[in-house]
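For reference, the chains in residue letters:
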Amino acid sequence: MKIVIIGSVAAGTSVAAKARRNTEEAEIVVYDQGKDISYSVCGIPYQIGGEVESIDQLTPRNAAWFKKRYNVDIFTEHKVTKANHETKTLEVLNVVTGETKEDHYDVLVLATGASPFTPPPFNQNEYDNVFQVRNIQDNRDISAYLSLKQPKKAVVVGSGFIGLEMTEQLVHKGMEVTLVEMQDQVMPPMDADMAFRVEEHLRAHGVRLLLSDTVKTIDGKNSVKSVTTTKGETLEADVVFLSVGVLPNTALAKQMGVEIGPTGAIAVNKKMQTNVPDVYAVGDVAESFSVITGKPIYRPLGSTANKMGRIAGDVITGGNLEHRGVLGTGIFRLFDLHVGQSGLTEKEAIQEGYEYETLYNLKPDHAEYLGGQELTIKALADRKTGRVLGAQVIGKGGVDKRVDVLATAITFGAKAEDLFHLDLAYAPPFATTKDPVLYTGMALDNAIKRNPLMTPTKILAAQEKGEAIQIIDTRSKKDYEKSHVKGAVHIPLGELRIRAEELDKEVPTVTYCNKGVTGNAAQNVLINHGFKEVYNLSGGNKNYQSYVTMLDAKKTY
């Protein structure tokens, strides 16, 4: 059996390695039009910024290493230009010499990856100071340019993972950075109220944000001198980075009659098989599917690509591995802030038609007396089943731990109550006695069964509609006078039992404190006093004020 793999980054090399581990009988050949194999795309911003000393650290393996270790023939700078599945033949171009040869296969694996999207007007010309971050050659070109030209002003277009990571590194290199994003928030896949915390952090580090805007015109012939946005902002630019997403490289697949799924990537089953017999697709060119909904989704990540590659390599050589789907789990660092998410966002839960409960949990990542700092967790659970649907976590420490625990729980179908019963590691340097994950589960379960939550979105919507609602601020007078929820009356928790008679038990009531704990205690007091409908403001006044600030800011975009 001859296995031919097109593409030699994370997915392609994983196919080859797993197939060889399973059998010594197969001939395995890999073609890649680039110079480098098995490199870390995600590490490129950090090498450009100087955190990674050498490009060689991102490319630890080459074709010779693979040949010696796995007896796999990898041909770099070779582009497969045509494929005929009826004859199982390929036309392969040597991009260095221009020579063309024909090869054959028994099994073909498409690991052709994805290419960065070039938005207008940048797609109308080539500029020597406009870059995209996708491969090691991009890394070499960017590093050479920065070293030679020493740019001072940078424009970053797009605020996904790479755009934000590049922004961080450019600031570290002393550049003045303007970030332009077409949506009205950074990190568009996140919920706006969580992304706003990221926006505030960017501004605090001197990054200028232009949201709900995009580049309209470019001044400069061979080099960009400045750009002008659709809103009329003119930005000087010594260097420009484009980070507006990627498109799967499906041209060869379409030529062969391989089915393209609803996401625009190649449709595959759980064994990574396409609709064409003996043709597989893995990595950034292929669709995945949601663990929660079962629907196709496209999440081009190196971790997923490696997993897909291993599955395909196993199946091709007689194994029975299957892809179990993904949650879209991701994390990034922005200066000293860590941001992670897994599962459905609130936007996605609405789109999927879930009746869900939303919790904002503001807790220290570990004991405050040992320097613990606040984490903000936004978590969702299905009200009908209690199943945890998703979470977004922001903080300066412990984010990765909580996101990974939550991702694991969601993968195995955990309910909110299950989170509380997890036996997580505890010691003051690492966690609090009631870890933020445990508290998240406890509060979500309470919200579903007895103590419903009210989000800032809902409380403002109720007031906008003129609905009858009484809001109780249970904090100190000093805190109340500093800032409070619109329409709130001040009744400290210690006085609430005595003064409960001042309130109408028949009117929907919202209690709150600064972050949520005391508000929950007040909620219980009123429930036990016979109040019919009592909510706790999720995340308390601190989360409410952040939300109101976000709404005010969006009016200026």
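This text goes with the structure placed above it.
Being a predicted model, the structure only gives us computed values, none of them experimental. (Residues numbered from 1 in each chain as written. Predicted model: local features only at pLDDT ≥ 70, side-chain atom pairs only at ≥ 80, totals over all residues. Heavy atoms only, no water.)

### Re the overall build of the protein chain
Helices and strands together make up the secondary structure of the protein chain, namely 17 helices and 30 strands. What you see for the protein chain is a C-alpha radius of gyration of 27 Å, in line with the 24 Å of a compact globule of 557 residues. The C-alpha extent of the protein chain, read off along each of the three principal axes, is 90 × 55 × 45 Å. For the protein chain, with 557 residues in total, the buried portion stands at 53%. For the protein chain, long-range pairs separated by at least 24 residues make up 65% of all intrachain contacts whose partners lie at least 6 apart in sequence. (Helix = DSSP H or I, 4+ residues; strand = E, 2+ residues; numbered from the N terminus. Rg over C-alpha atoms; globule rule 2.2 N^0.38 Å. Buried < 20%, exposed > 50% of the residue type's maximum accessible area, 1.4 Å probe, protein only. Contact = heavy atoms within 4.5 Å.)

### Observations regarding a nonpolar patch on the surface
Judged by side-chain polarity, Phe117, Val244 and Leu247 come together as a nonpolar surface patch covering roughly 240 Å² of accessible area. One can find Phe117 in the loop between β8 (114–116) and β9 (130–132). (Patch = residues over 30% accessible without salt bridge, like charges linked within 9 Å, V, L, I, M, F, W, Y side chains within 5 Å. Areas by Shrake-Rupley, 256 points an atom, 1.4 Å probe, with all protein chains shown as cover. Salt bridge = Lys/Arg side-chain N within 4 Å of Asp/Glu carboxyl O.)

### Details of the layout of surface pockets
Over the atoms, a rolling probe the size of a water molecule traces out where space has been left empty. Size it by volume and the second largest pocket reaches roughly 350 Å³. Forming the walls of the second largest pocket are Arg197, Glu200, Leu337, Leu362, Gln373, Glu374, Thr376, Ile394, Gly395, Lys396, Lys542 and Ser546. Mapped by element, the contributors of at least two residues to the lining of the second largest pocket are α6 (192–204), β24 (374–382), β25 (388–395) and α17 (540–554). Its residues assigned to classes, the lining of the second largest pocket comprises three nonpolar, four polar and five charged. (1 Å grid on protein atoms, 1.4 Å probe; cavity = no way out; pocket = protein on both sides within 12 Å on 5 of 7 lines; lining within 4 Å. Points joined across faces, edges and corners; volume = space filled by probe spheres on them. Nonpolar A, V, L, I, M, F, W, Y, C, P; charged D, E, K, R; others polar.)

### Topic: the sheet that holds strand β1 (residues 2–6)
Here we have five strands laid out as an open sheet, ordered β3-β2-β1-β7-β18, and parallel in their pairing. The outermost strands of the open sheet, each flanked by one partner alone, are β3 (73–76) and β18 (279–281). Taken over all neighbouring pairs, the strand axes of this sheet differ in orientation by 15 degrees on average, direction set aside. Across four bridges, the pairing between strand β2 (residues 27–32) and β3 is parallel. Counted as the bridge partner of Val29 is Asp73 from β3. (Pairing = 2+ DSSP bridges. Axes fitted to C-alpha atoms, helices over the stretch in contact; angles between N-to-C directions.)

### Describing the packing of helix α13 (residues 456–464) against α17
Put simply, α13 and α17 touch, their axes get as near as 9 Å, and they point 65 degrees apart. As summarised for this structure, α13 and α17 are arranged roughly perpendicular, according to the angle between their axes. Like other packed secondary-structure pairs, α13 and α17 cross with a definite hand, here right-handed. Counted together, Pro456, Thr457, Ile459 and Leu460 of α13 and Asn543, Tyr544, Tyr547, Val548 and Leu551 of α17 form the full contact between these two elements. Counted by class, the contact of α13 with α17 contains seven nonpolar, two polar and no charged residues. (Parallel < 35°, antiparallel > 145°, perpendicular 65-115°, else oblique. Left-handed = near helix turned anticlockwise from the far one by under 90°.)

### Description of a positive patch on the surface
A cluster of basic side chains, namely Arg21, Arg61, Arg69 and Arg310, defines a positive patch on the protein surface. Relative to the helices and strands, Arg21 is located in helix α1 (residues 10–22). (Lys, Arg positive; Asp, Glu negative; His and termini not counted. Charge placed at Lys NZ, Arg CZ, Asp CG, Glu CD.)

### Focus: the packing of α6 against α17
Put simply, α6 and α17 touch, their axes get as near as 10 Å, and they point 80 degrees apart. Our classification of the angle between α6 and α17 gives roughly perpendicular. Within the contact between the two elements, α6 uses Ala192, Asp193, Phe196, Arg197 and Glu200 and α17 uses Asn543, Ser546, Tyr547, Thr549, Met550, Ala553 and Lys554. Of the residues belonging to the contact of α6 with α17, the class tally is five nonpolar, three polar and four charged.

### A look at the pairing of strand β27 (residues 470–473)
Burial along β27 is two-sided: the residues Gln470 and Ile472 and Ile471 and Asp473 are all buried. The sheet contact formed by β27 and strand β29 (residues 509–512) spans four bridges and is parallel. Opposite Ile471, over in β29, you have Val510 as the bridge partner. When β27 meets strand β28 (residues 488–490), the two strands line up parallel, connected through three bridges. Bridging from a neighbouring strand, Asp473 pairs with His490 of β28. Assessed by its sense of winding, the connection that carries the chain from β27 through helix α14 (residues 477–482) to β28 is right-handed. (Right-handed = clockwise from strand over helix to strand, strands pointing away.)

### Examining the pairing of strand β4 (residues 78–84)
One face of the sheet, then the other: side chains in a regular strand alternate in exactly this way. As paired strands, β4 and strand β5 (residues 89–94) are joined by six bridges and run antiparallel to one another. Bridging from a neighbouring strand, Ala83 pairs with Leu90 of β5. Counted along the chain from β4 to the antiparallel partner β5, the turn is four residues long, and its residue Lys88 has a positive phi close to 55 degrees.

### Some points on the pattern of salt bridges
In this structure the tally under the stated criterion is 31 salt bridges. Its salt-bridge partner being Lys2, residue Asp103 comes within 2.4 Å of it at the nearest N-O pair. Of the two residues, Asp103 is situated in strand β6 (residues 100–104) and Lys2 in strand β1; the sequence distance between them amounts to 101 residues. Of the two residues, Asp103 and Lys2, neither departs from the other in class, the shared state being buried. Across the pair Asp193 and Lys378 runs a salt bridge whose closest N-O atoms are separated by 3.2 Å. Here the residue Asp193 occupies a position in helix α6, and Lys378 occupies one in strand β24, the gap between them amounting to 185 residues. Each of Asp191, Asp193, Glu346 and Lys378 takes part in salt bridges that share partners, so that together they form one network.

### Topic: empty space enclosed by the protein
Counted by the stated rule, this structure contains one cavity of 30 Å³ or more. The wall of the largest cavity is formed by 13 residues, among which Gly283, Ala286, Arg299, Pro300 and Thr304 lie closest to the centre. Sort the elements by how many residues they give to the lining of the largest cavity and helix α8 (residues 302–316) lands first, with three residues. Of the residues contributing to the lining of the largest cavity, the split by class is seven nonpolar, three polar and three charged.

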